[in-house]
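# Understanding the architecture of this molecule
In case you want the letters, here they are:
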Amino acid sequence: MIRTVQRLEFENIFPDEEPKDATYYLSKVSSSTLLGVIGFTTTDPQPNFDNFITDPDVSWDIIQRVTKYGKENEIPEKPEVISREASLRLAEIILANRTDLLDGNTNNHVTDDELNILKAFLIINKEVNEKQNFGDAQDNIDRMAEMLITMSFSSADIGIYSHTDLEFGKLVYATLTKFEYLLAFLASKTEYDYLQNALCITFKVSDIEELRKQVKLLFAMLLRLKLNNSYKFSLEDPDNLKFLKSLASAEIEESADFTNLKNYPIYEIDENTFSIIDYFFAVDKFFKSVRFIMKDAYNKYHKLGPKDGSFFGFYNTEFSEEFLMKKVLDEVFHWKYMVKRQIADTRDNEPDYYVRHGNKIYLFENKDILVAAGIKSSSDIAEIKKLLKKKFLKDDTRAVGIGQLIKSIEQIVENKFPYDDYVNQKKNLTIYPILLVSDRIFEIPGMNYILNQWYLELVKEKLADKYNRNLIRDLTFIDMDTLIYWLPHLKTKDGNLRKIIEEHHRGMNFQKKINTPDLKKAHEEANMYFHHNLSPISNRFEKYRFPRKLMVEKFRDVLKD
């Protein structure tokens, strides 16, 4: 269900008080509370305005203030104080101002601590709220799609749902799978040894096998801590300590998109004690972030400047497309009777992955793209749509992603497809165009809907009267993590992926006439209708239960119990 909740701001609760910046209020908080709140904000559930303050008189005053504000402004849902994005911003401010806020701190009053932390959150909430620009779409469902993308895009990599345990479990399994593929890729050629060495040096391990072991131990501990709703842990083993300290930094600078927190997602409390800053960042460090470690090593090895981006061309083609994507999709489509693309005299518009099962064709284009921190954190739908069109539709005059898929569809419809002679003799082929992305931040409500609108507009324009919706299916937009997570199911029957895709398409095209005089009921029905249309494909397979034994198997070689 799509649910929009207002983030409370300082002026909403304290309208007669002159607001200061967040650092001012944090400077009045004890150092123990400041350090504790960094980890505490990773737990669930988080306090709200009605249970934030332990002093009953102060708490009652806050509740009355919010109640008055809600009535005067007809706020339909109970507003909130703490969001994950605001919590990370708070942690970033504390760690970036360590000298001023922590060193020599003599504050020691519980109620003052709580009230000042509350006020700091309210100040940060205004900063977060003001960034949002929801665009100017007029059609209701287009408007809702853009709003959902705007609200979700900046925080999609820290979990977009209220309860993130399932999301986190999926991320751990998928990331560990991808990390193991990355290590296998680096071991496939001796010429990549320098990249392995760079990873070992960065994470303070003796060799790649030790790195694999330490990552697995870390992920197992993160799962246990999150399931126990905890965030603090201690270590004694010297190798474990060296590895963990490579993920922590005493020096953090404020940055767009929490870049420095992503680089150092663990906080070192003392010599043996650590706190989680963000669970998702800690896991992402070993796939999304390691590419930047390898980029620096690649540029140094090839004597390139620090800003040279040649590495990403190498990484996206050689690893992301030719290694990772191919191995995962080969598992999905492992049946010998399925036809893969044949070798042709040309590579013009060659699909990234092609498979035919009888008269059903699956066309894949793989996109492993980086999103600039400024755009990702902008919450500006105009900037986000501009990025999406450049990365997934057309880059200047060059067709990319959707444009490439449509070119392949044209070739098949015209019986001029060079990668499968069979299709050049047929007219009744069903085509499933699939855009596969490496980053899960795109797997958010509204994204597939918006991209499908652009796809339909272009494919109808290109094919004209040759467009047949029954044969040329809607665009499917899916992330690699979801494919990996679903693999146990997808590879058991040859039609399992197709069934999920078709269910997803029915959901995107679902139409419901709302006919009730009850405005509240009409609003609820419209909300359900929008939710059904705009859900990503990862939400369509709700009955799926990931086999727990596979998760256990991932860690069996490093855990004794």
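This report concerns the structure included in the present document.

Definitions and limits used
Counting restarts for each chain, with residues numbered from 1 along the sequence as it is written. This being a predicted model, a pLDDT of at least 70 is required before a residue's local features are given, and a value of 80 or more before pairs of side-chain atoms are given or counted; all residues contribute to the totals for chains, interfaces and linings. With hydrogens and water set aside, each side-chain value is computed from the structure's full complement of heavy atoms. The salt bridge criterion pairs a side-chain nitrogen of Lys or Arg with a carboxyl oxygen of Asp or Glu, the two atoms within 4 Å. Strands here mean DSSP runs of E at least two residues long; helices mean DSSP runs of H or I at least four residues long; both are numbered from the N terminus. The cut-offs for exposure are 20% and 50% of the maximum accessible area for each residue type, with area from a 1.4 Å probe on protein chains only; residues under the lower value are buried, those over the upper are exposed, and the others partly exposed. Any pair of nitrogen or oxygen atoms within 3.5 Å is treated as a polar contact; in protein, a donor-acceptor pairing is required on top of that, and neighbouring residues in sequence qualify only through side-chain atoms on both sides. We call two residues in contact whenever any of their non-hydrogen atoms come within 4.5 Å of each other. For two strands to count as paired, DSSP must find a minimum of two bridges between them. Axes here refer to lines fitted to C-alpha atoms; in helices the fit is confined to the stretch in contact. Angles between the N-to-C directions go from 0 to 180 degrees. Note that the term roughly parallel is reserved for angles under 35 degrees, roughly antiparallel for angles over 145, roughly perpendicular for angles of 65 to 115, and oblique for everything else. Throughout this description, the term nonpolar core refers to a set of buried Ala, Val, Leu, Ile, Met, Phe, Trp, Tyr and Cys residues connected via side-chain atoms within 4.5 Å.

Here the focus is the pattern of salt bridges. Any two side chains of opposite charge can pair, so long as their charged atoms come close to each other. Within the structure shown, the criterion is met by 38 salt bridges. A salt bridge links Lys216 to Asp557; the nearest nitrogen and oxygen atoms lie 3.2 Å apart. Highlighted residues: Lys216 in helix 11 (residues 208-227) and Asp557 in the segment after helix 24 (548-555), separated in sequence by 341 residues. For Asp557, a relative accessible area of 55% translates into the label exposed. For the salt bridge of Arg556 with Glu553, the shortest nitrogen-to-oxygen distance reads 3.1 Å.

Take the side chain of Lys226 next. Tracing the chain through its elements places Lys226 in helix 11. Assessed through its relative accessible area of 11%, Lys226 is described here as buried. Within the structure, the side chain of Lys226 is placed 2.8 Å from the side chain of Thr164, a separation counted as a polar contact. Among the polar contacts listed, one links the side chain of Lys226 to the side chain of Asp165, at a separation of 3.0 Å. Sequence-distant contacts of Lys226, that is, excluding residues within four places in its chain, are made with Thr164, Asp165, Phe168, Tyr279 and Phe280.

With that settled, consider the pairing of strand 3 (residues 273-276). By the alternation rule, side chains of strand 3 split into Thr273 and Ser275 and Phe274 and Ile276, which are all buried. With three bridges connecting them, strand 1 (residues 232-234) and strand 3 associate as antiparallel partners. For Lys232, the partnering residue across the bridge sits in strand 3 and is Ser275. Relative to strand 3, strand 2 (residues 266-268) runs antiparallel, the two being bridged by three bridges. For Tyr267, the partnering residue across the bridge sits in strand 3 and is Ser275. Hairpin connection between strand 2 and strand 3: a loop of four residues separates the two successive antiparallel strands.

Moving on to the packing of helix 9 (residues 165-187) against helix 11. For any two helices packed against each other, one specifies the crossing angle of their axes together with the interaxial distance. At a minimum axis distance of 11 Å, the contact between helix 9 and helix 11 shows a crossing angle of 175°. When the axes of helix 9 and helix 11 are compared, the pair comes out roughly antiparallel. Contacts from Asp165, Phe168, Gly169, Val172, Thr175, Leu176, Phe179, Glu180 and Leu183 of helix 9 reach helix 11 at Ile208, Leu211, Arg212, Val215, Lys216, Phe219, Leu222, Leu223, Lys226 and Leu227.

It is worth spelling out the environment of Lys307 at this point. With respect to the secondary-structure elements, Lys307 resides in the loop between helix 15 (290-301) and helix 16 (310-332). Residue Lys307 is classed as exposed on the basis of its relative accessible area, which comes to 83%. For the pair Lys307 and Arg347, spaced 40 residues apart in sequence, the C-alpha to C-alpha distance is 30 Å.

Within a sheet, neighbouring strands are paired by backbone hydrogen bonds and run either parallel or antiparallel to one another. Read across the open sheet, the three strands follow the order 1-3-2; overall the sheet is antiparallel. At either end of the open sheet lies a strand with only one pairing partner, and these are strand 1 and strand 2. Going across the sheet, the axis of each strand differs from the next one's by a mean of 30°, ignoring polarity.

For the rest of this paragraph, the subject is unusual backbone geometry. A cis amide bond, omega 0°, links Asp44 with the succeeding residue Pro45. Assignment of secondary structure puts Pro45 in the loop between helix 3 (31-40) and helix 4 (56-72). Although it is not a glycine, Phe258 adopts a positive phi angle of roughly 55°. As for its placement among the helices and strands, Phe258 is situated in the loop between helix 12 (238-245) and helix 13 (259-263). Despite not being glycine, Lys303 shows a phi value in the positive range, around 55°. Examined against the element boundaries, Lys303 turns out to sit in the loop between helix 15 and helix 16. Overall, Lys303 belongs to the exposed group, its relative accessible area being 75%.

With that out of the way, let us pick up the nonpolar core. Core analysis: the biggest nonpolar cluster contains 91 residues, and Phe219, Phe243 and Phe333 have the highest contact counts within it. It is helix 9 that contributes the most residues to this core, twelve residues altogether. Within the second largest apolar cluster, 49 residues are counted, among which are Ala156, Ile369, Ile450 and Leu534.

Most of strand 6 (residues 360-367) is tucked away: seven of the eight residues are buried. Examined bridge by bridge, strand 5 (residues 353-357) and strand 6 share five bridges and lie antiparallel to one another. Bridge pairing links Arg356 to Ile361 in strand 6. Connecting strand 5 to the next strand, strand 6, in antiparallel fashion are two residues, including Gly358 with a positive phi near 65°. With eight bridges joining them, strand 6 and strand 9 (residues 430-437) adopt parallel strand pairing. Its bridge partner being in strand 9, Glu365 is matched across the sheet by Leu435.

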